[in-house]
Amino acid sequence: MLTGITASAHGFMDFSPWQPGIPGRLIKLRGTVVCTGCSLAEARRLQHDKYGNRLYHVTSRQGQLVLDIHAVSNPRWYNDVIFPQFSLRGEEGLLQPLSAPETQAKEVELTGLLTAPWTLDVSAVVIQASTPPTLDVSEAQTRQ
């Protein structure tokens, strides 16, 4: 006597390009915070740059800011984020420092997954400390 049990599962898989975990969606952005709590138009006036294509208006639950993006790790960014604005999602403690006024004019690095059009799910934020002014060696010798 032979007995067999067969297990089967049926499911539907959505082939949306915005599924989390799709390879190629990991993005690392590096840029400078132009201003916090400001609009893109205000930032362009501050930068005296009406047509700059590196300025992005960034929103999150913690506030808004404008980033001057210098480097992008994944060229898909330019295909997926076609307007100069995007949103950040992430833990409050991770994103809160980005909207602080002290962040203005500092270099930042954001790492995350582009999971929906114009939304970056942030997994890491690095804010560069201000670098002290360098001391010219000839100036140091004349002080002695």
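Residues numbered from 1 in each chain as written. Predicted model: local features only at pLDDT ≥ 70, side-chain atom pairs only at ≥ 80, totals over all residues. Heavy atoms only, no water.

Take the confidence of the model for the protein chain next. Close reading of the predicted structure is inappropriate where its pLDDT is low. Mean pLDDT over the protein chain stands at 78; residues scoring 70 or higher make up 69%. Segment residues 4-21 is flagged for pLDDT under 50; beyond a separation of four residues in sequence, or across chains, it makes 11 contacts in the model. (pLDDT = per-residue confidence, 0-100. Contact = heavy atoms within 4.5 Å.)

Following the criterion strictly, the structure yields 4 aromatic pairs and no others. An angle of 50° between the planes, with centres 5.8 Å apart, marks the rings of Phe83 and Trp118 as tilted. Remark: Trp118 occurs in the loop between β5 (107-116) and β6 (119-127) and Phe83 occurs in the loop between α2 (76-80) and β4 (85-89); sequence separation between them is 35 residues. What makes Trp118 partly exposed here is its relative accessible area of 34%. Through a chain of ring-to-ring contacts, the aromatic side chains of Tyr56, Trp77 and Phe86 assemble into a single cluster. (Phe/Tyr/Trp six-rings, centres within 6.5 Å; stacked < 30°, edge-to-face > 60°. Helix = DSSP H or I, 4+ residues; strand = E, 2+ residues; numbered from the N terminus. Buried < 20%, exposed > 50% of the residue type's maximum accessible area, 1.4 Å probe, protein only.)

Under the counting rule described, the total for this entry stands at 4 salt bridges. For Asp68, the salt bridge goes to Arg54, with nearest N and O atoms at 3.0 Å. Here the residue Asp68 occupies a position in strand β3 (residues 63-72), and Arg54 occupies one in the loop between α1 (40-47) and β2 (55-60), the gap between them amounting to 14 residues. Classification of Asp68 by relative accessible area gives buried; the value is 11%. Arg89 is the partner of Asp121 in a salt bridge, and the nearest nitrogen-oxygen pair spans 2.6 Å. One end of the pair, Asp121, is in strand β6; the other, Arg89, is in strand β4, with 32 residues separating them in the sequence. The exposure class of Arg89 is partly exposed, given its relative accessible area of 43%. Salt bridges sharing common partners tie together Lys28, Arg30 and Glu109. (Salt bridge = Lys/Arg side-chain N within 4 Å of Asp/Glu carboxyl O.)

Membership of the largest hydrophobic core comes to 19 residues, with the highest contact counts inside it found for Leu29, Leu67, Trp77, Phe86, Leu88 and Leu120. Elements supplying a minimum of two residues to this core: β1 (26-36), β2, β3, β4, β5 and β6. Dropping the residues within four chain positions of it, Leu88 is found in contact with Val58, Thr59, Ser60, Leu95, Leu98, Leu110, Leu120 and Val122. Residues Val34, Cys35, Leu55 and Val66 belong to the second largest nonpolar core, which totals 7 residues. (Core = buried A, V, L, I, M, F, W, Y, C linked by side-chain atoms within 4.5 Å.)

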